[in-house]
Amino acid sequence: MTYVIHGATGAQGAPVVAALAAAGKPVTALTRNAGTVVDGARVLAVDYSSTADLTAAYRGTEGVFIHLPVAPEEDRLAYARTTVAAIREARPARVVFSTSGGIVSTDGDSRRDDPAESAVSVLAAGLADSGVSHAVIEPRFYLENLLLPHVITGVREEGVLRYPLPSGFRASWASHLDIADAATALFERTDVTGVVSVGQYPAISGEELAEAFTTRLGRTVTYEATDPDVFFAPLAAVLGEQAAAATADMYRALGTQPDRSITAERSAQKRLGVTPRTASQWLADIDL
C-alpha cells in the first residue's frame, strides 16, 4: 500500500516524499499537473476541491500526509472540507496533517490562533471526528523562511538578518526537513495520536538566529526587527495581495504575544524522540 503526499513538489511535501522513498516506501505524489515528475514517486493529478478525486486517491493507502496550500482562506476552507469528506469515505490507514504554523490545540495553551472556523481548525476537527488514525504536526516558524531572497540578501550583503518579529522574541523554529522527520516517524508510530509540536525547545530569539549566521559565514550578522507590512510587500506577487496582507496581520498579532514556543509535553522530542535541527545544524547544510 502506498503513502499519498499532498503538495509533493512543494517545500513541505517534497522532503516527506524523499524521506519515504529513501526508506523504500511506495509513494504517490498528489499534484495539480499531470505532467509533473517527482523522483521516487508515482504522480497522480487531482483536483483538491473534488471529494471524488481525493477519495479515489486515499482509498486503500497506508498513509496520507496533508497540508493546506497557500491560497485565499475561502479556497482553503473548501479544500479542508473536501479532504475531511474524502478521509471519512476512503478511510486510509493513517493520516498526518501539518498545520503549517497554526496552533490548534487548546490544552494548556491560551494562545490558540486558529479560530474554530479557519481551514486549519476545520481540518483538524474533522480528523478528530473521523475515527481514522491520525496525528497533527504543529510547527511554529520555518527556518527556510530565512532563505527568502529579500531576507538572505540582507544577510549576505549587509550583515543584517531582518524578520517581522520583535527583538528578543523567542520562537521554536523548525526546518521543513524536521517536519518530514516527524511525519515519517508518525507513520510508523501509530500509537502516537493527537498533536505533536515540532520546533526547537527551548525557543530561540532572532538575535540567536543571527549568531548562527555569524558562525556559518564567519562575519558578524545582526538581527533587525522589521515591520510586517514592509516584510511581506515583496511576497504579494507570489502569495497574492490578500494572503500577504493577512500574513502580515498575523505576524503583527504574534509580536504582541510573550513568545512563540512549543511546550515540552507536546514536543516531538518527548512524544517521538525526534530532535529538530538547531539553526547552526540547519545552516551547515545550506549553500549560502
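Procedures and definitions
- Residues numbered from 1 in each chain as written.
- Predicted model: local features only at pLDDT ≥ 70, side-chain atom pairs only at ≥ 80, totals over all residues.
- Heavy atoms only, no water.
- Helix = DSSP H or I, 4+ residues; strand = E, 2+ residues; numbered from the N terminus.
- Rg over C-alpha atoms; globule rule 2.2 N^0.38 Å.
- Buried < 20%, exposed > 50% of the residue type's maximum accessible area, 1.4 Å probe, protein only.
- Contact = heavy atoms within 4.5 Å.
- Areas by Shrake-Rupley, 256 points an atom, 1.4 Å probe, with all protein chains shown as cover.
- Lys, Arg positive; Asp, Glu negative; His and termini not counted.
- Charge placed at Lys NZ, Arg CZ, Asp CG, Glu CD.
- Core = buried A, V, L, I, M, F, W, Y, C linked by side-chain atoms within 4.5 Å.
- Polar contact = N/O pair within 3.5 Å; in protein donor to acceptor, adjacent residues only side chain to side chain.
- Salt bridge = Lys/Arg side-chain N within 4 Å of Asp/Glu carboxyl O.
- Phe/Tyr/Trp six-rings, centres within 6.5 Å; stacked < 30°, edge-to-face > 60°.
- Pairing = 2+ DSSP bridges.
- Axes fitted to C-alpha atoms, helices over the stretch in contact; angles between N-to-C directions.

Asker: How should I be thinking about the overall build of the protein chain in this particular structure?
Answerer: Scanning the protein chain for helices and strands turns up 12 helices and 11 strands. Its C-alpha atoms give the protein chain a radius of gyration of 19 Å, within 12% of the compact-globule value 19 Å for 288 residues. With the principal axes as the frame, the protein chain shows a C-alpha extent of 55 × 40 × 40 Å. A burial count over the protein chain gives 53% of its 288 residues as buried. Nonlocal contacts in the protein chain, meaning residues at least 24 apart in sequence, comprise 76% of its contacts between residues at least 6 apart. Within the structure as shown, the protein chain displays about 12,300 Å² of accessible surface, and the carbon and sulfur contribution to it stands at 52%. If you average the places of the 24 positive and of the 34 negative side-chain charges in the protein chain, the two averages end up 5 Å apart.

Asker: Which parts of the structure should I look at to understand the nonpolar core?
Answerer: As a rule of thumb, soluble globular proteins bury nonpolar side chains together. By size, the foremost hydrophobic cluster in this structure holds 30 residues, and its most contacted members are Phe141, Leu146, Leu161, Tyr163 and Trp173. Breaking this core down by element, the ones donating at least two residues are helix H5 (149–158), strand E8 (160–163), helix H7 (206–217), helix H8 (228–232), helix H10 (241–254) and helix H12 (279–284). Take this core: its biggest share by element is five residues, from H7. Those residues in contact with Leu146 that lie beyond four places of it in its chain are Val151, Ile152, Leu161, Tyr163, Trp173, Leu209 and Phe213. Judged by nonpolar contacts, the second largest core, of 29 residues, contains Ala8, Ala29, Ala41 and Ile179.

Asker: How do you make sense of the side chain of Thr82 when you look at a structure like this?
Answerer: Checked against the element boundaries, Thr82 lands in helix H3 (residues 73–90). By relative accessible area, Thr82 is classed as buried at 10%. At 2.8 Å, the side chain of Thr82 and the backbone oxygen of Tyr48 are in polar contact. Those residues within four positions of Thr82 in sequence are excluded, and the remaining contacts are Tyr48, Ser49, Ser50, Thr51 and Leu54.

Asker: Would you mind going over the side chain of Arg260 with me for this structure?
Answerer: For Arg260, the position within the fold is in the loop between H10 and helix H11 (268–271). A polar contact of 2.9 Å, which involves the side chain of Arg260, links it to the backbone oxygen of Gly101.

Asker: Quick question: what am I supposed to make of the pattern of salt bridges here?
Answerer: Where charged atoms from two side chains of opposite charge approach closely, those side chains can pair. In total, this model carries 12 salt bridges according to the counting rule given. We note a salt bridge from Arg170 to Glu208, for which the minimum N-O separation is 2.9 Å. Within this pair, whereas Arg170 is found in the loop between E8 and strand E9 (173–174), its partner Glu208 is found in helix H7, the two being separated by 38 residues in sequence. Several salt bridges converge on common partners, so that one network encompasses Glu158, Arg162 and Glu224.

Asker: Is there a simple way to explain the packing of aromatic side chains in this structure?
Answerer: Two numbers describe a pair of aromatic rings. These are the distance of the centres and the angle of the planes. Scanning all chains against the criterion turns up 10 aromatic pairs. Between the aromatic rings of Phe141 and Tyr163, the centroid separation amounts to 6.5 Å while the plane-to-plane angle is 80 degrees, which identifies the pairing as edge-to-face. Note that Phe141 is positioned in strand E7 (residues 141–142) and Tyr163 in strand E8, a separation of 22 residues in sequence. Note on accessibility: Phe141 and Tyr163 belong to one class, buried. Among the aromatic side chains, those forming a connected cluster through ring pairs are Phe141, Tyr163, Trp173, Phe231, Phe232 and Tyr251.

Asker: Help me understand the sheet that holds strand E5 (residues 95–98) in this model?
Answerer: Across the sheet, which stays open at both edges, the seven strands sit in the order E3-E2-E1-E4-E5-E6-E10 with parallel pairing between neighbours. The strands lining the two open edges of the sheet, one partner per strand, are strand E3 (42–45) and strand E10 (194–198). Looking at each pair of strands side by side, their axes are set apart by 20 degrees on average, direction ignored. Of the strand pairs in this sheet, strand E1 (residues 3–5) and strand E2 (residues 27–31) are connected by three bridges, and their pairing is parallel. Across the sheet, the residue bridging to Tyr3 is Val27, located in E2. Packed onto the sheet, helix H2 (residues 51–58) meets E1, E2, E3 and strand E4 (63–66) and runs at close to 170 degrees relative to E2.

Function-wise, these values are silent; they only describe arrangement.
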